[in-house]
Amino acid sequence: MTNERKPKKPREQYRLRTRLIHGSFATGRWDYDHHVVPPQSSSATYRLSSVHRGAQGFIEFATPESRRAPIYIYDRLDEPSRGMLEENLAVAEGGEVAVTFATGMAAVSGALGILTASGDQIVAHQVLYGCTHSLMTSWLPRYKIHTDFCDLCNPETLASVVTKQCRVVYFETPVNPTMELIDLQAVRRVVDRLNTGRADEERIRIVVDNTFSTPYCQRPLEHGVDLVVHSLTKDIGGFGTEMGGAVIGANEYFNLLMLYRKDFGGVLSPKNAWPILVYGLPTLATRMVNQQKSAMQVAEFLQRQAKVARVLYPGLPNFPQRELARRQMTTPDGAFAPGCMLYFELKGRDGTGNSAAEAAERFVDYVAEKSYTVTLAVSLGQIKTLIENPFSMTHAAIPDEEKIRCGLQPGGIRLSLGLEDWHDIIADLEDALEVV
Ligand SMILES: *Cc1c(COP(=O)(O)O)cnc(C)c1O
């Protein structure tokens, strides 16, 4: 590393927004210090200078030593483009290590895979991303890993659900799509109490899916969570061109995450890691600031409309958990950061759920056909504003009665604000409201 730049101040003293643009260009793992943009590597296998070096690479794989200067052997084991992205993701979430995966679901599977074994219990919040719910109800039970669901908006309920076999408490906050918040520190306190007297290998770990907020708006590790999972496909990727996932946490999880990823095989391709490293993460702060501003404008607009029954956005002054929102949804510099997702319901003609659902369908169909700025599509966190009906689409895997019991109405509409001018978004929504 003879020509490595030596900034006067250590990198750690720069703000997150700056660090995500520059990262570190020269470490024991790579040296691209003469590139302005990191190169995209594309090498399925690596040249080894001796049998000894090859043997050493296998011995050191997934150990803490390998993180300083790994002997690269094969893409599925470890690879430098992905490594640079992982380093920046760990910085973003305030974790010691990040391990990327092919998709968000591969990351969720990885986190749960290393923390549980046959006979164990997972306790999860009652509303979850649809595929996470079906992973827990359709697949993990085949391995005798059982999930119990409860309302973590009241963390004390954990005490009555957790069994001796519980290894993981799992949730998203804000809850997708209802925008309820779960108090990270309150869950930590209850889990600490339940962990008292447990041996280390029997301790309950808290895993939070932070996809909705992004590390720019909330860093759960700072509030005591053990592992954070992400779908990089959403706001972190930001442009809707790549899929990816990540698990972020303390050094102690690195070895198992790397070994799990090696054997289950859900690695992030370096070709997909590169745009997230070069375009997505460096623009995260800028995009979130602007998307958040639009979300606030749109939330306020919707709230003023006679045809809208309710709007849930953590930035609104009348948001039910306003105090909690201000406490845990903040930028790394401490500013309130309510994110770019909102949820709203229309009024029905006769006040019934059915007529509200019909109104929502008419509204969303009109948007799908006539709106220029708002696109009907699943996914979220892109530069284009996306709209969807979670009840019938993303959350179809959860039984209907269950959804209604948890406050997810058939006529609920989810909006993910993009980077268009908010005046145009509001004008398109206003047109669509006229037809209902
Ligand atoms: C999209 C999403 C996932 C899954 O991510 P993929 O990259 O699609 O596999 C998990 N959790 C949340 C909250 C999501 O929005």
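Residues numbered from 1 in each chain as written. Predicted model: local features only at pLDDT ≥ 70, side-chain atom pairs only at ≥ 80, totals over all residues. Heavy atoms only, no water.

Asks: Can you help me understand the packing of helix H5 (residues 104-115) against helix H10 (residues 254-264) in this one?
Replies: For any two helices packed against each other, one specifies the crossing angle of their axes together with the interaxial distance. Their axes nearest at 10 Å, the elements H5 and H10 cross at an angle of 120 degrees. The handedness of the crossing between H5 and H10 comes out as right-handed. Where H5 approaches H10, its residues Ser109, Gly110, Ala111, Gly113 and Ile114 are matched on the opposing element by Leu256, Leu257 and Tyr260. Taken together, the residues of the contact of H5 with H10 break down into 5 nonpolar, 3 polar and no charged. (Axes fitted to C-alpha atoms, helices over the stretch in contact; angles between N-to-C directions. Helix = DSSP H or I, 4+ residues; strand = E, 2+ residues; numbered from the N terminus. Left-handed = near helix turned anticlockwise from the far one by under 90°. Contact = heavy atoms within 4.5 Å. Nonpolar A, V, L, I, M, F, W, Y, C, P; charged D, E, K, R; others polar.)

Asks: Which parts of the structure should I look at to understand the nonpolar core?
Replies: One recurring pattern in soluble globular proteins is that nonpolar side chains are buried together. Counting 93 residues, the largest nonpolar core has Phe344 and Phe363 as the members making the most contacts within it. In this structure Phe344 touches Leu302, Val308, Arg310, Val311, Phe363, Gly411, Gly412, Ile413 and Leu415, once residues within four positions along its chain are discounted. By size, the runner-up hydrophobic cluster in this structure holds 32 residues, among which are Ala107, Leu115, Leu227 and Val229. (Core = buried A, V, L, I, M, F, W, Y, C linked by side-chain atoms within 4.5 Å. Buried < 20%, exposed > 50% of the residue type's maximum accessible area, 1.4 Å probe, protein only.)

Asks: Where do I start with the pattern of salt bridges in this structure?
Replies: Any two side chains of opposite charge can pair if their charged atoms end up close together. Evaluation of the coordinates by the stated rule reveals 20 salt bridges. Residues Glu156 and Arg193 are paired through a salt bridge, measuring 3.1 Å at the closest nitrogen-oxygen approach. In this pair, Glu156 sits in the loop between strand E3 (146-150) and helix H7 (158-161) while Arg193 sits in helix H8 (residues 184-195), placing the two residues 37 residues apart along the sequence. Taking relative accessible area as the criterion, Glu156 reaches 43% and is therefore assigned partly exposed. (Salt bridge = Lys/Arg side-chain N within 4 Å of Asp/Glu carboxyl O.)

Asks: Please explain the site of the ligand as it appears in this structure.
Replies: If you check the shell around the ligand, you find Thr103, Gly104, Met105, Tyr129, Asp209, Thr211, Ser231, Thr233, Lys234, Met243, Gly244 and Leu380 and nothing else. Grouping the constituent residues of the shell around the ligand by class yields 4 nonpolar, 6 polar and 2 charged. (Near = heavy atom within 4 Å.)

Asks: Looking at this structure, I do not really get the sheet that holds strand E10 (residues 374-376). What am I missing?
Replies: Within a sheet, neighbouring strands are paired by backbone hydrogen bonds and run either parallel or antiparallel to one another. Read across the open sheet, the 5 strands follow the order E8-E9-E12-E11-E10; overall the sheet is mixed. The open sheet has two edge strands with one neighbour each: strand E8 (308-312) and E10. Adjacent strand axes in the sheet meet at a mean angle of 25 degrees when their direction is disregarded. Relative to strand E9 (residues 341-346), E8 is paired through 4 bridges, and the arrangement is antiparallel. Across the sheet, Leu312 pairs through a bridge with Tyr343, a residue of E9. The strands that helix H11 (residues 270-303) touches are E8, E9 and strand E12 (412-416); relative to E9, the one it contacts most, it runs at about 10 degrees. Across the sheet, helix H13 (residues 353-370) lies against E9, E10, strand E11 (385-388) and E12, angled at about 125 degrees from E9, the strand it touches most. (Pairing = 2+ DSSP bridges.)

Asks: Explain the environment of Thr100 here, please?
Replies: Within the element layout of this structure, Thr100 appears in strand E1 (residues 97-101). For the pair formed by Thr100 and Ala199, sequence separation is 99 residues and the distance between their alpha carbons is 29 Å. Apart from the residues within four sequence positions on either side, Thr100 is in contact with Arg82, Leu85, Glu86, Leu89, Leu232, Gly245, Ala246, Arg261 and Leu268. Within the structure, the side chain of Thr100 is placed 2.8 Å from the side chain of Glu86, a separation counted as a polar contact. (Polar contact = N/O pair within 3.5 Å; in protein donor to acceptor, adjacent residues only side chain to side chain.)

Asks: Hey, could you run me through the sheet that holds strand E7 (residues 245-249) in this one?
Replies: The mixed open sheet is built from 7 strands, whose spatial order is E1-E7-E6-E5-E4-E2-E3. Each end of this open sheet is capped by a strand with a single partner; those strands are E1 and E3. The average undirected angle you get between the axes of adjacent strands in this sheet is 20 degrees. Where strand E5 (residues 205-209) lies against strand E6 (residues 227-231), 3 bridges are found, and the strand directions are parallel. For Val208, the partnering residue across the bridge sits in E6 and is Val228. Most of the contacts of helix H4 (residues 80-93) go to E1, to which it runs at about 125 degrees, and overall it touches E1, E6 and E7. Across the sheet, H5 lies against E1, strand E2 (121-125), strand E4 (166-172), E5, E6 and E7, angled at about 155 degrees from E6, the strand it touches most.

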